[in-house]
Amino acid sequence: METIKRLESEQFNFSTTERLVTHPVLTAAENGTLSVECIKLFLLEQYYIIKSDSKSLEAGLEMHGQTSAAYKEFFEFFLSGEKIASDLHSKMADALHISPQEMAEHEPSHFCQAYPSKFCQLVYHSDPAVVAIAFAVNFPAWGRMCGRFRDALLAKYADKLDLSEEKLGFVSYFAEPIECLPSLVDKVSNASRELKQYGNAISYKEIKDAVRLLQEYEILFWDGVYLAQGETK
């Protein structure tokens, strides 16, 4: 898709990729110096992200599901993914001895929760095509981060924290490429063009702003997780 290729060639996308692949959370995890508090904070914050994203996707399905079969398929697919992620999250939380009470009492970080807040805004205020294209550009970077994080935890923390591939299924789930994503995005984009045939087309800037801000907020998520590293020094 031409729009996605154009977005991927933007300077901000290259900058985001560089900042993510060199992020101190990954560096510390891969050399075994990331604190257990940071690892737990990753899960605690994800608990609230899953709750928020699930509600956003439910809202998207309610608002747009009757408008287009492509919109319905898109929101249903990612909503079902959140349910799978929630189950895997619970297993990883159990492995790290994080109780449901601890998750419920955790005070979410504004750094970590900026991404789901922006996602919610996009669902309510933007065309589904904007959401879909933003996913197409941003999900691969998130997947690579989760893959490296999982590999680092297995390599450096498996014995210390009694971790295994099965217990790390939550991060492994996100590390796997979404094979059907290009098809879903194409369907949503085509549906959007047909519905807006006699209306206002979506501008490239609107899509670019959404992608750029989501990328910035993804970096903020990892920054927020790393804050716990300083608290343990």
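Report follows, based on the coordinates. Counting restarts for each chain, with residues numbered from 1 along the sequence as it is written. Local features in a predicted model are, by the rule used here, given only for residues with pLDDT of at least 70; side-chain atom pairs are given and counted only at 80 or more, and totals for whole chains, interfaces and linings are based on all residues. Note that the side-chain values use all heavy atoms of the structure and ignore hydrogens as well as water.

## Quick word on the overall build of the protein chain
Right, on to step 1. Think of it this way: any DSSP run of H or I at least four residues long counts as a helix, any run of E at least two long counts as a strand, and we number them from the N terminus. Scanning the protein chain for helices and strands turns up 11 helices and zero strands.
Right, on to step 2. Element order for the protein chain, N to C, with α for helix and β for strand: α-α-α-α-α-α-α-α-α-α-α.
Right, on to step 3. Relative to its length of 233 residues, the protein chain is compact, with a C-alpha radius of gyration of 18 Å against a globular reference of 17 Å.
Right, on to step 4. Each of the three principal axes of the protein chain carries a C-alpha extent, and together these read 60 × 35 × 30 Å.
Right, on to step 5. Contacts spanning at least 24 positions in sequence make up 88% of the contacts within the protein chain whose residues lie at least 6 apart.
Right, on to step 6. As presented, the protein chain carries roughly 11600 Å² of accessible surface, and 51% of it is formed by carbon and sulfur atoms.
Right, on to step 7. Charge counting treats Lys and Arg as positive and Asp and Glu as negative, with His and both chain ends excluded. To locate a charge, take NZ of a lysine, CZ of an arginine, CG of an aspartate or CD of a glutamate. On the protein chain, the mean spot of the 23 positive side-chain charges and the mean spot of the 34 negative ones are 4 Å from each other. Each radius of gyration reported is based on C-alpha atoms, and the globular scaling rule is 2.2 Å times the count of residues to the power 0.38. Residue contacts follow a heavy-atom distance rule, with two residues in contact if any of their heavy atoms lie within 4.5 Å. Note on areas: these come from Shrake-Rupley sampling with a 1.4 Å probe, and a residue is covered only by the protein chains present in the view.

## Looking at the nonpolar core
Right, on to step 1. Leu 34, Phe 42, Phe 149, Phe 170 and Trp 222 are the most contacted members of the largest nonpolar core, which has 44 residues in total.
Right, on to step 2. For this core, the secondary-structure elements that each account for two or more residues are helix H3 (24-30), helix H4 (36-64), helix H5 (69-95), helix H8 (128-161), helix H9 (169-175) and helix H11 (204-231).
Right, on to step 3. Within this scheme, the nonpolar core is defined by two criteria: the residues are buried Ala, Val, Leu, Ile, Met, Phe, Trp, Tyr or Cys, and they are joined through side-chain atoms within 4.5 Å. Any residue under 20% of the maximum accessible area for its type is buried, any over 50% is exposed, and the rest in between are partly exposed; the area is computed with a 1.4 Å probe on protein chains only. With 34 residues, the next largest nonpolar core counts Phe 74, Ile 207, Ala 210 and Leu 214 among its residues.

## Focus on the pattern of salt bridges
Right, on to step 1. Salt bridges are defined by distance alone: a side-chain nitrogen of Lys or Arg within 4 Å of a carboxyl oxygen of Asp or Glu. One pass over the structure, following the stated rule, counts nine salt bridges.
Right, on to step 2. For Glu 10, the salt bridge goes to Lys 208, with nearest N and O atoms at 3.7 Å. With Glu 10 in the loop between helix H1 (2-8) and helix H2 (11-21) and Lys 208 in helix H11, this pair connects stretches of sequence that are 198 residues apart.
Right, on to step 3. Looking at Glu 10, the relative accessible area reads 17%, which means it is buried.
Right, on to step 4. Take Lys 208: its relative accessible area is 25%, and that puts it in the partly exposed class.
Right, on to step 5. Between Arg 148 and Glu 30 there is a salt bridge; the shortest N-O distance is 2.9 Å. Taken together, the residues span a long stretch of sequence, with Arg 148 in helix H8 and Glu 30 in helix H3 at a distance of 118 residues.
Right, on to step 6. Overlapping salt bridges bring together Lys 205, Asp 209 and Arg 212 as one network.

## With respect to H5
Right, on to step 1. A rise of 1.5 Å per residue sets the reference length of H5, with its 27 residues, at 39 Å; its end C-alpha atoms lie 39 Å apart and thus fit the reference within 8%.
Right, on to step 2. Backbone nitrogen of Ala 70 and a side-chain oxygen of the N-cap are separated by 3.1 Å at the start of H5; the cap is Ser 68.
Right, on to step 3. Of the residues trailing H5, His 97 is marked for its positive phi of about 60°. Helices are assigned an expected span. That span is 1.5 Å times one less than the residue count. Definition of a polar contact: a pair of N or O atoms within 3.5 Å, with one able to donate and the other able to accept a hydrogen when the atoms are protein atoms, and with sequence-neighbouring residues admitted only if both atoms are side-chain atoms.

## As for the side chain of Gln 46
Right, on to step 1. Following the sequence through the fold, Gln 46 ends up in helix H4.
Right, on to step 2. Judged by relative accessible area, Gln 46 falls into the buried class, the value being 4%.
Right, on to step 3. Not counting the four nearest positions on each side in its chain, Gln 46 is found in contact with His 89, Trp 142, Phe 170 and Phe 221.

Read these as spatial facts, not as claims about activity.
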